[in-house]
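So the chains spell out like this:
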Amino acid sequence: MSAYQIVYIVLSVTIWFIGFFHIGKYVKPIWKRYSKFVFYFGMSILLIFWVKHYSLIFIVGHQVLGLVFHIKACKKHDIDWKTCEPKDKYLELHEQWGKGKFK
């Protein structure tokens, strides 16, 4: 394993944990948190070995797109995107997203 591959793996885990502890804290059920990590980390590892440096597009882009969607949706529904407050309103919106009902 080369040095850049190790750096990319550490980068992908670091980026995911930042999102996990900030925005992902309201994701329910609990198994969903871990399945998202397994998918994201697994895809990152596969892409690091398969497409080398182009894997950064997924590693960074996937999280950036998620953050942009989160910010826009929260602002549209008058929810603070940093704190996800009011919590009950955010959880209700999150339930709607889970059912595929995007307003």
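This structure is a prediction, so every number in the text was calculated from the model and none was measured.

S.K.: When you look at the packing of helix H3 (residues 55–76) against helix H4 (residues 87–98) in this model, what are you seeing that I'm missing?
M.R.: Where H3 meets H4, the closest approach of the two axes is 11 Å, and the angle between their N-to-C directions is 120 degrees. In terms of orientation, H3 lies oblique with respect to H4. The way H3 lies across H4 gives a crossing that is right-handed. Where H3 approaches H4, its residues Phe 69, His 70, Ala 73 and Cys 74 are matched on the opposing element by Tyr 90, Leu 93 and Trp 97. In terms of residue class, the contact of H3 with H4 is built from 6 nonpolar, 1 polar and no charged.

S.K.: Got a minute to help me understand helix H2 (residues 30–50) in this structure?
M.R.: Structurally, the α-helix is built with 3.6 residues per turn, so residues lying three or four positions apart point the same way. With 21 residues, H2 ought to run about 30 Å at 1.5 Å a step, and its terminal C-alpha atoms sit 31 Å apart, in line with that. For H2, every residue scored as buried is listed here: Arg 33, Tyr 40, Ser 44, Leu 47 and Ile 48. Seen end-on, H2 carries its buried residues on one side only, within an arc spanning 105 degrees. The exposed set on the far side of H2, more than 90 degrees from its buried face, consists of Trp 31, Val 38, Leu 46 and Trp 50. Residue Lys 52 follows H2 closely and has a positive phi angle near 55 degrees.

How each quantity is defined
- Residues numbered from 1 in each chain as written.
- Predicted model: local features only at pLDDT ≥ 70, side-chain atom pairs only at ≥ 80, totals over all residues.
- Heavy atoms only, no water.
- Axes fitted to C-alpha atoms, helices over the stretch in contact; angles between N-to-C directions.
- Helix = DSSP H or I, 4+ residues; strand = E, 2+ residues; numbered from the N terminus.
- Parallel < 35°, antiparallel > 145°, perpendicular 65-115°, else oblique.
- Left-handed = near helix turned anticlockwise from the far one by under 90°.
- Contact = heavy atoms within 4.5 Å.
- Nonpolar A, V, L, I, M, F, W, Y, C, P; charged D, E, K, R; others polar.
- Expected span 1.5 Å × (residues − 1).
- Buried < 20%, exposed > 50% of the residue type's maximum accessible area, 1.4 Å probe, protein only.
- Arc of directions from axis to C-beta.

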